[in-house]
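# Topology and contacts: notes
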Amino acid sequence: MFAQFDISFFLLLGLAALCYVTHNNTVTFAVLLLLLFKLTPLASYFPFLNQYGLTIGIVILTAAMMVPLADGSLKINEILKSFTSWQSILAILVGILVSWLGTRGISLIGAHPTIVNGLIIGTLIGVAFFKGVPVGPLIAAGILSLLIGKS
């Protein structure tokens, strides 16, 4: 009934511990969720999660970002103010840039899934030693795609 304790179990367990120690709560939760799947009959859903997980996550993230628009707390006059200062216009341009980088990142990860390991390690190092925030693996992959010439 339970999955065998193989090397992936111990790697996930070690990653969860490291993420917990480095206060990377999002990745800790994600790894613990994967361990839950691995140790229960939910493991049969790994192929589904592998195929659609990223898309589902992006949908949830996008919906969360649009809550102020949906709940009415973002007013039309505030939206229009986004076009009245150079800082706001720059924010819009940066938003466009990171969105484009994210698309490149998804393509790169799809073409070279082993790169994910480096992104995880880099994120953990950034969080643990440089007081970084664990956001933007797709953007990191997009920047990497620019550096190594992949799209």
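Cut-off values and rules
- Residues numbered from 1 in each chain as written.
- Predicted model: local features only at pLDDT ≥ 70, side-chain atom pairs only at ≥ 80, totals over all residues.
- Heavy atoms only, no water.
- Helix = DSSP H or I, 4+ residues; strand = E, 2+ residues; numbered from the N terminus.
- Contact = heavy atoms within 4.5 Å.
- Areas by Shrake-Rupley, 256 points an atom, 1.4 Å probe, with all protein chains shown as cover.
- Phe/Tyr/Trp six-rings, centres within 6.5 Å; stacked < 30°, edge-to-face > 60°.
- Buried < 20%, exposed > 50% of the residue type's maximum accessible area, 1.4 Å probe, protein only.
- Expected span 1.5 Å × (residues − 1).
- Polar contact = N/O pair within 3.5 Å; in protein donor to acceptor, adjacent residues only side chain to side chain.

## Comments concerning the overall build of the protein chain
Along its length, the protein chain carries eight helices and zero strands. N-terminal to C-terminal, the α/β element order of the protein chain is α-α-α-α-α-α-α-α. Along the three orthogonal principal directions, the C-alpha set of the protein chain runs to about 60 × 40 × 30 Å. A fraction of 59% describes how many contacts in the protein chain between residues 6 or more apart in sequence connect residues 24 or more apart. Split by element, the accessible area of the protein chain, about 10900 Å² in all, is 75% carbon and sulfur.

## Structural notes on the packing of aromatic side chains
Considering all chains together, one arrives at three aromatic pairs under this definition. Ring geometry for Phe 9 against Phe 10: centres 5.2 Å apart, planes inclined by 85°, an arrangement best described as edge-to-face. Accessibility expressed as a relative area gives 9% for Phe 9, which makes it buried.

## Some words on helix 8 (residues 137–148)
In this model helix 8 runs 16 Å from its N-terminal to its C-terminal C-alpha over 12 residues, within 8% of the 16 Å that 1.5 Å per residue would give. Those residues of helix 8 that are buried are in contact with helix 6 (86–111) and helix 7 (115–130).

## Digging into the side chain of Thr 28
Within the element layout of this structure, Thr 28 appears in helix 2 (residues 25–39). Of note is the side chain of Thr 28, whose polar atom sits 3.2 Å from the backbone nitrogen of Tyr 20.

The values are spatial; any link to function lies outside them.
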